[in-house]
Amino acid sequence: MTIWHPSCRLRRGSRLRPAIAAVALSVSSAATLAADLTVSAAASLTNAFREIGSAFEGANTDTHVQLNFAASGMLLQQIAKGAPVDVFASADQETMNQAEQQRLVRTGTRVNFVSNSLVVIVAQDAVAVPASLSDLGAAGIKHVAIGLPASVPVGRYTKAALERARLWPAIEAKMIGAQSVRQVLDYVARGEVDAGFVYSTDAAIMPGKVKVAFVVPTATPVLYPIAPVASSANGAAAQKFIAYVLSPSGQTVLAKFGFGKPSDSVNRP
């Protein structure tokens, strides 16, 4: 192996100089790529993961965290199409199950790291506030924002809850579909709909614009799994980031934004 050192003098015009420059550029580029860690996370994790990402970079100065937020189903599609992602954090089990079935995440590495709850929200100045799922069927409630069940976990939880209450057909007729839970939040905050289904953590970030009408019982716990992506070239950094999310420091940040520990989640029929 040949090692180049700055003290080595080369004659002007030497053919080695361009070669050395090319090698140096290649090594530099590789190091830059190795230092970037891309984390794709459910939209409801936006605020918490931004803070966790900054804290992780502070503790790991050789790593730059790139965050990508969207509905879990959309993130899964991106990974399936070859997007360069290192860590995937989903807002539900079904999406992570699909990731495992497609071998998009490393087998046996997924772990639940937080829990959440489903709530119905209305605008802060709303006069008619529903107290139960059946109240959403009232004539005064004309539009209800719901994440698209096919790609948005909060939408799947919502549909399951309404089907369990035998209200899905009636509420579906009033449904305004949303691409993510944050879009539902925006619709309600702007007064474009009469009510919307979001996670309790989303409602908490707009205390002056929306308010929780009631908590929605779910047939299955709202648990968030996280796993390293199988195609990641930064496996060690991905595992280190996941370990940080699970650490007391990471869990403190998540709790600050209203997330509960996985053990706090219960199956509420």
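Relevant structure appears above.
What counts and how
Counting restarts for each chain: residues are numbered from 1 in the order of the written sequence. Residues qualify for local features only when their pLDDT is at least 70, as the model is predicted, and side-chain atom pairs are given and counted only at 80 or more; totals for whole chains, interfaces and linings, by contrast, use all residues. Calculation of side-chain values draws on the structure's entire complement of heavy atoms; hydrogens and water are dropped beforehand. Within this scheme a cavity is a closed region of a 1 Å grid, computed over the protein atoms alone, that accommodates a 1.4 Å probe without allowing it to escape, whereas a pocket is open but has protein on both sides within 12 Å along at least five of seven lines; lining residues each have an atom within 4 Å of a point. Grid points are joined across faces, edges and corners, and a volume is the space filled by probe spheres set on the points. Throughout this entry, Asp, Glu, Lys and Arg are counted as charged residues, while Ala, Val, Leu, Ile, Met, Phe, Trp, Tyr, Cys and Pro are counted as nonpolar. The remaining residues, Gly among them, count as polar. Secondary structure elements follow DSSP: runs of H or I no shorter than four residues count as helices, runs of E no shorter than two count as strands, and numbering proceeds from the N terminus. Take a side-chain nitrogen of Lys or Arg and a carboxyl oxygen of Asp or Glu: if they are within 4 Å of each other, that pair is a salt bridge. Exposed residues in this analysis have more than 50% of their type's maximum accessible area, buried residues have under 20%, and partly exposed residues fall in between, with area computed by a 1.4 Å probe over protein chains only. Here the aromatic set is Phe, Tyr and Trp, taking the six-membered ring for Trp, and pairing holds for ring centres within 6.5 Å; pairs whose planes are under 30 degrees apart are stacked, those over 60 apart are edge-to-face, and all others are tilted. The axes are straight lines fitted to the C-alpha atoms, using for helices just the contacting stretch, and the angles between their N-to-C directions are given from 0 to 180°. Here the angle decides the label: under 35 degrees means roughly parallel, over 145 means roughly antiparallel, 65 to 115 means roughly perpendicular, and every other value means oblique. In this analysis, two residues are considered to be in contact whenever any of their non-hydrogen atoms come within 4.5 Å of each other. By arc we mean the arc of the directions from the helix axis to the C-beta atoms, nothing more.

(A) Representation of empty space enclosed by the protein within the structure. A complete count under the given rule lists two cavities of 30 Å³ or more for this structure. Considering only enclosed or pocket space, the largest cavity measures out at about 50 Å³ in volume. Ala-71, Ala-91, Val-152, Pro-153 and Val-181 are the residues nearest the centre of the largest cavity, which is lined by 13 residues in total. Tallied by class, residues from the lining of the largest cavity come to 10 nonpolar, three polar and no charged. Lining the second largest cavity, in full, are Ser-44, Asn-47, Ala-48, Arg-182, Thr-201, Asp-202, Ile-205, Phe-257 and Phe-259. At the level of elements, helix 2 (46–59) and helix 8 (200–203) are the ones that each hand at least two residues to the lining of the second largest cavity.

(B) How the structure looks around the pattern of salt bridges. Applying the stated criterion across every chain, the model contains six salt bridges. Linking Arg-156 and Asp-92 is a salt bridge whose minimum nitrogen-to-oxygen distance equals 2.7 Å. With a gap of 64 residues between them, Arg-156 in helix 5 (residues 153–164) and Asp-92 in the loop between strand 3 (87–89) and helix 4 (93–101) connect regions that are remote in the sequence. Arg-156 sits in the buried class, given a relative accessible area of 16%. Given a relative accessible area of 3%, Asp-92 falls into the buried group. Measuring nitrogen to oxygen at the nearest pair gives 2.6 Å for the salt bridge that ties Asp-202 to Arg-182.

(C) Representation of the packing of aromatic side chains within the structure. Following the criterion strictly, the structure yields eight aromatic pairs and no others. Between Phe-113 and Tyr-224 the ring centres are 6.3 Å apart and the planes differ by 85 degrees, which places this aromatic pair in the edge-to-face class. Of this pair, Phe-113 sits in strand 4 (residues 111–116) while Tyr-224 is found in strand 10 (residues 222–228), placing the two residues 111 residues apart along the sequence. Across this residue pair, the class does not change: Phe-113 and Tyr-224 are buried. Seen from their ring centres, Tyr-157 and Tyr-199 are 6.4 Å apart, and the 75 degrees between their planes marks the pair as edge-to-face. One end of the pair, Tyr-157, is in helix 5; the other, Tyr-199, is in strand 8 (residues 195–199), with 42 residues separating them in the sequence.

(D) How the structure looks around the packing of helix 9 (residues 235–246) against helix 10 (residues 248–256). Relative orientation of the contacting elements helix 9 and helix 10 amounts to 60 degrees, with a least axis distance of 4 Å. With respect to helix 10, the element helix 9 is oriented oblique. Only Pro-248, Ser-249, Gly-250, Gln-251 and Leu-254 of helix 10 make contact with helix 9, whose side of the interface consists of Tyr-244, Val-245 and Leu-246. Residue composition of the contact of helix 9 with helix 10, by class: five nonpolar, three polar and no charged.

(E) Local environment of helix 3 (residues 72–80). Listing the buried residues of helix 3 in full gives Ser-72, Gly-73, Leu-75, Leu-76 and Ile-79. Projection of helix 3 onto a plane perpendicular to its axis shows the buried side chains occupying an angular sector of 160 degrees, all on one side. Here the buried face of helix 3 lies against strand 1 (36–42), strand 2 (64–70), strand 3, helix 4 and helix 5. Phi for Gly-82, located one or two positions after helix 3, is positive at around 100 degrees.

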